[in-house]
Amino acid sequence: MPDAKPAPAKALSAPQKALHKLGLTRDIDLALHLPLRYEDETRVVRLSDAREGQTVQVEGTVTHQEITMRPRRQLLVTLEDGSDTCTLRFFSFYPSHQKALAVGAQVRVRGEIRGGFMGRTMMHPAFHAAGGELPDALTPVYPTSAQLPQAYLRKVVASGLGRADLSETIPPELLGSLQRAVHGTWTLRDALRYLHHPGPDVSLDALEDRSHPAWQRLKAEELLAQQLSQLTAKRERDALRAPELRTAPGGLHEQLLAVLPFALTGAQRRVIEEIARDLARPVPMHRLLQGDVGSGKTVVAALAAAIAIDSGWQCALMAPTEILAEQHFAKLIGWLEPLLAPLGKRVAWLTGSQKKKQRTEMLGLIASGEAALVVGTHAVIQDQVVFQNLALAIIDEQHRFGVAQRLALRSKMTEGEDGQAREPHLLMMSATPIPRTLAMSYYADLDVSTIDELPPGRTPIVTKVVSDQRRHEVIQRIRAQVAEGRQVYWVCPLIEESEALDLSNATETHAELSQSLPGVLVGLLHSRMPVAEKKAVMSLFTSGHMSVLVSTTVIEVGVDVPNASLMVIEHAERFGLSQLHQLRGRVGRGAAASACVLLYTPPDGGRLGETARERLKAMAETSDGFEIARRDLEIRGPGEFLGARQSGAALLRFADLATDGHLLDWARQAAAQMLAQHPAAAEKHIARWLGGRSEFLKA
Ligand code: ADP
Ligand code: MG
């Protein structure tokens, strides 16, 4: 008997592959692939009525044809429709063109009317024989790729639209509020049919700006799917079990509070309570702690860790890079380590650059539970790392972590005494506050705690935007600051295309400053230095021996040197707004008056671009992280703003949070009701809109 071979997978044709690449695999995906714009082939106009710049369809007789060589080889055809004439010009053409456009031929031609000394002209118009039926709807033009011809895409979309299940998923009791929100009674089916093939009398403006009720209906559906998927994720998580963590009387949490060199701010006390309440519940916490740079998130993390350790569990702390992990957690470890020692517990480090021997030792400490606290980079979540009982994972600068990494962290489960799996609680920290509409939309499944108050005694930072032509004045100012015993950061931009350029920029500035500031120790820090060297430079600066630190963006987050009072950012026009804000947050941490100088270099003889100017203006006008985030969102749009959260996941395709807030409001309340009363319809709705992508939205 011949071996049973699996049937060979049917090879995909090139256009089919291109469809898959665009994510168009199911009928519903095709039905939801909406036109970018439309072409009007429903009517034939008279040449004399066609205005310059209009794309029109005309029908007439060819009265003349010639090939000229000047200015270059081209086919010229004269068309007459009884009202006027028009010259058709082809720079590339075949004998078939000449044949179809022979003198006397009756043709229908479509193209953009241009003026010119030869009168009306069309360049490379589409043409076919005259007569023939006119379509009764506008012709859709779809977003596509080079491998996917528009005509092919039109056909598959039309057939996908015909086959797709477009039955109503929204329960009858929610239709009333939906119709009020979208200003119309459109069903999904009607809306899609209409948007793919609108009638000729439609207002193209309403279609283009997506204010048409058919568009509104689609956007409302899309937002509903997003809300449903996030609510579902939250429900699923609520069904999971997590260790219940509580402070012990006289325990680590209490001791830590007693040794802190400062009193907590009201905001810090409030967020710690919110976190402690979550940790005491048997369901995994999924909380985002947001607070402006310098608002004191680290101590909150330390107190949360203490709660976990008090309950006899382990806590893991992660930062996106090694140097950040070190900088971020140095204080925290300084507080906790002496308190852990009497308990026979330790802090373990895990980083990528560790020697094998040390790493093995650390892994042992983690597996045995001797390490109550595990600190490091994403090395903490690698497969080989086995915790004895991880109860709490804290991620600093969460937006810098990918979704996959966060999922991996959550998978570090341990078994409870009842033999059931326990998932760790998750606390994510971010200095980039999320504007409200985004939080309601993309982070609907997250609980958010906000530190909205800075520790007392901070002096506001004065921000100046200064042209690079006045660089020498800035250097004078550095000299004065250093003479007063203050320290200075000088940040050079990271030029992503060229690390070498980035380096030479920082190196040159370092040489320049060393030369103009004799007797002052000027250090250099950049991303390509060996870790040990970076650490040595950082410790010279942290201890106050080094007065000026020139660096690329490695100090972007987390460095804490209260004596630093001046921050100079070179080529500030190249930085993003939230990056500038984070950098500026490195000064103003002590009592001294602090300043931030944004040096900009306009392009040769020109002016800075619009967005660069807006960013610098925003920096000079406000130092409130929430206001900065709002403006950043305005300037960049949500796609870039969200960064890692969205990698692999679909952003909203249709809805725009800037204009569709009312639809989001509807979707939020509808999602809760639908999930509670119509779970099957909710599931169908999510599958229709998100297909296989919903997993990513849950991370
Ligand atoms: P971030 O929120 O940016 O991570 P940090 O946790 O690094 O801020 O805190 C910034 C500085 O403020 C640190 O030096 C920290 O020790 C100090 N700090 C934190 N909380 C307080 C407080 N309540 N009172 C005074 N200083 C505080
Ligand atoms: Mg921090």
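Everything below is about the structure shown above.
Residues numbered from 1 in each chain as written. Chains lettered and ligands numbered in written order. Predicted model: local features only at pLDDT ≥ 70, side-chain atom pairs only at ≥ 80, totals over all residues. Heavy atoms only, no water.

(A) Focus on the overall build of the chain. Broken down by element type, the chain carries 25 helices and 23 strands. Judged by the C-alpha coordinates and their principal axes, the chain covers about 100 × 70 × 65 Å. Classification of the 699 residues of the chain by burial places 51% in the buried group. The long-range fraction of contacts in the chain, counting pairs at least 24 apart against all pairs at least 6 apart in sequence, stands at 76%. Accessible surface computed for the chain: about 31,800 Å², of which carbon and sulfur atoms make up 53%. (Helix = DSSP H or I, 4+ residues; strand = E, 2+ residues; numbered from the N terminus. Buried < 20%, exposed > 50% of the residue type's maximum accessible area, 1.4 Å probe, protein only. Contact = heavy atoms within 4.5 Å. Areas by Shrake-Rupley, 256 points an atom, 1.4 Å probe, with all protein chains shown as cover.)

(B) Structural view of helix α8 (residues 213-238). Across its 26 residues, α8 extends 37 Å between first and last C-alpha, which sits within 8% of the 38 Å expected from 1.5 Å per residue. When you tally the buried positions in α8, you get 21 out of 26 residues, the bulk of the element. (Expected span 1.5 Å × (residues − 1).)

(C) Focus on the packing of helix α11 (residues 297-310) against helix α12 (residues 322-340). Their axes nearest at 9 Å, the elements α11 and α12 cross at an angle of 35 degrees. For the element pair α11 and α12, the recorded crossing hand is right-handed. Contact residues: α11 offers Thr298, Val299, Ala301, Ala302, Ala305 and Ile309, while α12 offers His328, Leu332, Trp335, Leu336 and Leu340. Its residues placed into classes, the contact of α11 with α12 shows nine nonpolar, two polar and no charged. (Axes fitted to C-alpha atoms, helices over the stretch in contact; angles between N-to-C directions. Left-handed = near helix turned anticlockwise from the far one by under 90°. Nonpolar A, V, L, I, M, F, W, Y, C, P; charged D, E, K, R; others polar.)

(D) Region of interest: empty space enclosed by the protein. Within this structure, the stated rule accounts for two cavities of 30 Å³ or more. In this structure, the second largest cavity spans a volume of roughly 50 Å³. Looking at the lining of the second largest cavity, the elements that each hand over two or more residues are α19 (577-584) and α21 (625-636). Class assignment of the residues belonging to the lining of the second largest cavity gives a composition of four nonpolar, five polar and one charged. (1 Å grid on protein atoms, 1.4 Å probe; cavity = no way out; pocket = protein on both sides within 12 Å on 5 of 7 lines; lining within 4 Å. Points joined across faces, edges and corners; volume = space filled by probe spheres on them.)

(E) Structural context of the sheet that holds strand β6 (residues 121-123). If you trace the six strands from one edge of the open sheet to the other, you get β6-β4-β3-β2-β5-β7, paired in mixed fashion. Where the open sheet ends on each side, the last strands, each with one partner, are β6 and β7 (126-129). Neighbouring strand axes in the sheet, compared pairwise and without regard to direction, differ in orientation by 40 degrees on average. Both strand β5 (residues 106-112) and β7 contribute to a ladder of four bridges, which runs antiparallel. Bridge pairing in β7 links Arg110 to Ala126. (Pairing = 2+ DSSP bridges.)

(F) Highlighting the packing of aromatic side chains. Applying the stated rule across the entire model yields six aromatic pairs. Between Phe90 and Phe127, the ring centres sit 5.9 Å apart and the planes meet at 80 degrees, which makes this aromatic pair edge-to-face. Placement of Phe90 in strand β4 (residues 85-90) and of Phe127 in strand β7 is noted, with a sequence separation of 37 residues between them. Judged by relative accessible area, Phe127 falls into the partly exposed class, the value being 25%. Note on Tyr489 and Phe541: the rings are 5.1 Å apart at their centroids and 50 degrees apart in plane angle, and the pair reads as tilted. Linking Tyr489 in strand β19 (residues 487-491) with Phe541 in helix α18 (residues 531-542), this pair joins segments that are 52 residues apart in sequence. Given the relative accessible area of 0%, Phe541 is considered buried. An aromatic cluster is built from Trp215, Phe654 and Trp689, whose rings are joined through pairwise contacts. The ring of Phe91 carries the charged tip of Arg72 above its face, separated from the ring centre by 4.3 Å. Directly above the aromatic system of Trp215 lies the positively charged group of Arg210, at a separation of 4.3 Å from the ring centroid. (Phe/Tyr/Trp six-rings, centres within 6.5 Å; stacked < 30°, edge-to-face > 60°. Lys NZ or Arg CZ within 6 Å of the ring centre and 35° of its normal.)

(G) Highlighting the packing of α12 against α18. Packing of α12 against α18 brings their axes to within 10 Å, and their N-to-C directions diverge by 35 degrees. For the element pair α12 and α18, the recorded crossing hand is right-handed. Listed contacts from α18 to Glu322, Ile323, Glu326 and Gln327 of α12 are Val531, Lys534, Lys535 and Met538. Class assignment for the residues of the contact of α12 with α18 results in three nonpolar, one polar and four charged.

(H) Fine view of the site of ligand 1. Around ligand 1, the surrounding shell holds 17 residues, and the nearest of these are Gly294, Lys297, Thr298, Arg458 and Asp560. Interatomic distance of 2.8 Å between a side-chain N/O atom of Lys297 and an oxygen atom of ligand 1. Alone, ligand 1 offers 560 Å² of accessible surface; in the complex the protein occludes 86% of this. Looking at the shell around ligand 1 residue by residue, the class counts come to five nonpolar, six polar and six charged. (Near = heavy atom within 4 Å. Polar contact = N/O pair within 3.5 Å; in protein donor to acceptor, adjacent residues only side chain to side chain.)

(I) The arrangement of the pairing of strand β2 (residues 55-68) in detail. Inspection of the sheet shows β2 paired to β5 by seven bridges, in the antiparallel sense. Within the sheet, the bridge partner assigned to Gly60 lies in β5 and is Val107. As paired strands, β2 and strand β3 (residues 74-80) are joined by seven bridges and run antiparallel to one another. Each residue of the ladder has a partner; that of Thr68, found in β3, is Gln74. Here β2 folds back onto β3 in antiparallel fashion, the turn holding five residues.

(J) View of helix α16 (residues 471-483). Taking 1.5 Å per residue, 13 residues should reach 18 Å; α16 reaches 19 Å between its end C-alpha atoms and fits that length. Taken as a whole, α16 has its buried residues at Arg471, Val474, Ile475, Ile478, Gln481 and Val482. Angular distribution of buried residues about the axis of α16 spans 115 degrees; they occupy a single face of the element. Facing away from the buried side of α16 by over 90 degrees, the exposed positions are His472 and Ala483. Of the residues trailing α16, Gly485 is marked for its positive phi of about 85 degrees. (Arc of directions from axis to C-beta.)

So yeah, pure geometry; function would need other evidence.
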